[in-house]
Amino acid sequence: MEAKLKAALGYAVVKSKGSKSGGCISESKVFETEKGDIFVKVNNEAKANVMFEGEFEGLKTIQKTKTVRVPTPIKVVDLKSYGTGLVMECVDMSGLSRYPEQLGEQLAKMHLFNTTLLTSDSSIHKSDEDEEKLSYIGKFGFHTATCCGYIAQVNSWKEDWVEFYTQQRLDYQIKLLQSTYQDRELTELWSELVLKIPGYFEGIDIKPSLLHGDLWSGNVGETKDGPVIFDPAVFYGHSEFELAIADMFGGFPRSFYNSYHNIIPKQQNFDKRKDLYKLFHCLNHWNHFGGGYRSSSLSIMKRLLKNS
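Note that the structure is predicted; figures quoted are calculated from it, not measured.

Engineer: What is the right way to look at the pattern of salt bridges in this model?
Structural biologist: A side chain with one charge may pair with a side chain of the opposite charge, provided their charged atoms come close. The full count for this structure, using the stated rule, is 22 salt bridges. With its nearest N and O atoms 3.3 Å apart, the salt bridge here joins E57 to K60. Within this pair, E57 and its partner K60 are both found in helix α2 (residues 48-65), separated by 3 residues, close to a single helical turn. Relative accessible area serves as the criterion here: at 17%, E57 is assigned to the buried category. Residue D205 pairs with K207 through a salt bridge whose shortest N-O separation is 2.8 Å. On the basis of relative accessible area, D205 is assigned to the exposed category, the value being 53%. Put simply, D183, E185, R294 and K302 are held in one network by salt bridges that share partners.

Written out as structure tokens, the structure is:
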């Protein structure tokens, strides 16, 4: 693998420093190079290039906001018999412990970044370093497919958030499940819930926010200087979506949420919508890991219908 990385990156030195523990989808390795250590995620599935190209674009886009640190993406490479590799900066980090408040603040600023472009020059232009800057995005979606886990998300641009979330997140996941399980109760609950969804958004104004998309505690760390987020499933969506999976799997103290909401206050019916956003992640986990997530998915749907 070292020789293939050398050829793909044009480096003189690529020396393995071993594997890293981490996610359940891809293998992770660290290599020493003359330009510093690199972190390489490797996957030999047929659609790994889609997953890694989306992650590369997501990391690059978050980095351009200069709000919260992410590992610098370097290149997606074809490693031939080894599969596809995503090469990025190797960040020496530990679990989040000292900087949850800073993360909450930085995340809120990332969510607001797109809106700030409305009051500045929103055209794509070059900086002094010839880097493209972000332009204002007035729709929901992303310019390429991104994956939450290994399932590619439908990121086609939509003007309306409720339509985007209903069709391209929830309905898409349910259709995947039905192709495997033909679950009658799921179909019946969804046919009722889909009619109720617009009511959860009455009276609120939603501007597209750049989202990490999969922000649970396993995708967050810190260096001595501050927080780091990684393994994104980026798209432009409703800022509240970000907090659903964070709440599901714990790992974030109250100070994280307090600092976030000091900048982006809760809007009416926030808690009901949080359940609706948790539903996507339960369905996605059901599609990834099987029927163990059926009960939680159906329970959320029943609760939403009861409280609508």
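Engineer: Is there a simple way to think about the pairing of strand β2 (residues 27-33) in this case?
Structural biologist: Where a strand is regular, its side chains alternate between the two sheet faces. Of all 7 residues in β2, 5 are buried, a share of seventy percent or more. Across 5 bridges, the pairing between strand β1 (residues 14-20) and β2 is antiparallel. Residue pairing for β2: S19 is matched across the bridge by K29. Here 5 bridges tie β2 to strand β3 (residues 38-43), and the two strands are oriented antiparallel to one another. By the bridge assignment, V30 is partnered in β3 with F39. The hairpin formed by β2 and β3 contains 4 residues between the paired strands, and G36 there has a positive phi angle of roughly 105°.

Engineer: How should the confidence of the model for the chain be read in this particular structure?
Structural biologist: Close reading of the predicted structure is inappropriate where its pLDDT is low. Residue-level pLDDT values for the chain average 94, and 96% of them are 70 or greater. Taken as a whole, residues 122-130 scores under 50 in pLDDT and shows 13 contacts with residues more than four places along the chain or in a different chain.

Engineer: I'm lost on the packing of aromatic side chains in this one. Help?
Structural biologist: Think of a pair of aromatic rings as described by two things: how far the centres are apart, and how the planes are tilted against each other in angle. Summed over all chains, the structure comprises 19 aromatic pairs. Ring centres of W161 and Y277 lie 6.2 Å apart, and the angle between their planes is 65°; this geometry places the pair in the edge-to-face category. With W161 in helix α4 (residues 161-181) and Y277 in helix α8 (residues 270-289), this pair connects stretches of sequence that are 116 residues apart. Grouping residues by exposure puts W161 and Y277 together as buried.

Engineer: Looking at this structure, how should I read the packing of helix α3 (residues 100-116) against helix α7 (residues 254-263)?
Structural biologist: Two packed helices can be described by the angle between their axes and the distance between those axes. Where α3 contacts α7, the axes come no closer than 7 Å and their chain directions differ by 35°. Where α3 crosses over α7, the two elements pack in a sense that is right-handed. Contacts from P100, E101, L103, G104, E105, L107, A108, K109, H111 and L112 in α3 reach S255, F256, S259, Y260 and I263 in α7.

Engineer: Looking at this model, I keep getting lost on empty space enclosed by the protein. Mind explaining?
Structural biologist: Picture a little ball the size of a water molecule; that probe, rolled over the atoms, points out where space is still empty. A full pass over the atoms with the stated rule returns 1 cavity of 30 Å³ or more. Of the volumes computed, that of the largest cavity is approximately 30 Å³. Lining the largest cavity, in full, are I151, A152, Q153, Q168, R169, Y172, Q173 and F280. Put simply, the parts of the chain that give the lining of the largest cavity at least two residues each are β7 (151-152) and α4. Residue contributions to the lining of the largest cavity peak at 4 residues, all from α4. Among the residues forming the lining of the largest cavity, the class breakdown is 4 nonpolar, 3 polar and 1 charged.

Engineer: For this particular structure, what's the right way to read the packing of helix α5 (residues 184-196) against helix α9 (residues 294-307)?
Structural biologist: The interhelical angle for the contact between α5 and α9, taken along N-to-C directions, is 35°, at an axis separation of 10 Å. Handedness of the crossing formed by α5 with α9: left-handed. Along its contact with α5, which presents E185, L186, L189, W190, E192, L193 and K196, the element α9 presents R294, L298, M301, K302, L304 and L305. Class assignment for the residues of the contact of α5 with α9 results in 8 nonpolar, no polar and 5 charged.

Engineer: Just to check I follow, could you spell out the nonpolar core for this structure?
Structural biologist: Note that soluble globular proteins tend to have their nonpolar side chains buried in a common cluster. Core analysis: the largest hydrophobic core is formed by 73 residues, its most contacted members being W161, L170, F201, F252 and M301. It is α8 that contributes the most residues to this core, 8 residues altogether. Those residues within four positions of M301 in sequence are excluded, and the remaining contacts are I174, L186, L189, W190, L193 and L279. Counting 12 residues, the second-largest nonpolar core is a separate cluster that includes M1, L5, F31 and V42.

Engineer: How do you make sense of the sheet that holds strand β4 (residues 73-78) when you look at a structure like this?
Structural biologist: The strands making up a sheet associate through hydrogen bonds between their backbones, and the pairing can be parallel or antiparallel. Pairing is antiparallel across the open sheet formed by 5 strands, whose spatial order is β1-β2-β3-β5-β4. Edge positions in the sheet fall to β1 and β4, since each of these pairs with one other strand and no more. Averaged over all neighbouring strand pairs, the angle between strand axes comes to 25°, with direction disregarded. Sheet strands touched by helix α1 (residues 2-9): β1, β2, β3, β4 and β5 (84-89). Its angle to β4, the strand with the most contacts, is close to 120°.

So, how was this worked out
Residues numbered from 1 in each chain as written. Predicted model: local features only at pLDDT ≥ 70, side-chain atom pairs only at ≥ 80, totals over all residues. Heavy atoms only, no water. Salt bridge = Lys/Arg side-chain N within 4 Å of Asp/Glu carboxyl O. Helix = DSSP H or I, 4+ residues; strand = E, 2+ residues; numbered from the N terminus. Buried < 20%, exposed > 50% of the residue type's maximum accessible area, 1.4 Å probe, protein only. Pairing = 2+ DSSP bridges. pLDDT = per-residue confidence, 0-100. Contact = heavy atoms within 4.5 Å. Phe/Tyr/Trp six-rings, centres within 6.5 Å; stacked < 30°, edge-to-face > 60°. Axes fitted to C-alpha atoms, helices over the stretch in contact; angles between N-to-C directions. Left-handed = near helix turned anticlockwise from the far one by under 90°. 1 Å grid on protein atoms, 1.4 Å probe; cavity = no way out; pocket = protein on both sides within 12 Å on 5 of 7 lines; lining within 4 Å. Points joined across faces, edges and corners; volume = space filled by probe spheres on them. Nonpolar A, V, L, I, M, F, W, Y, C, P; charged D, E, K, R; others polar. Core = buried A, V, L, I, M, F, W, Y, C linked by side-chain atoms within 4.5 Å.

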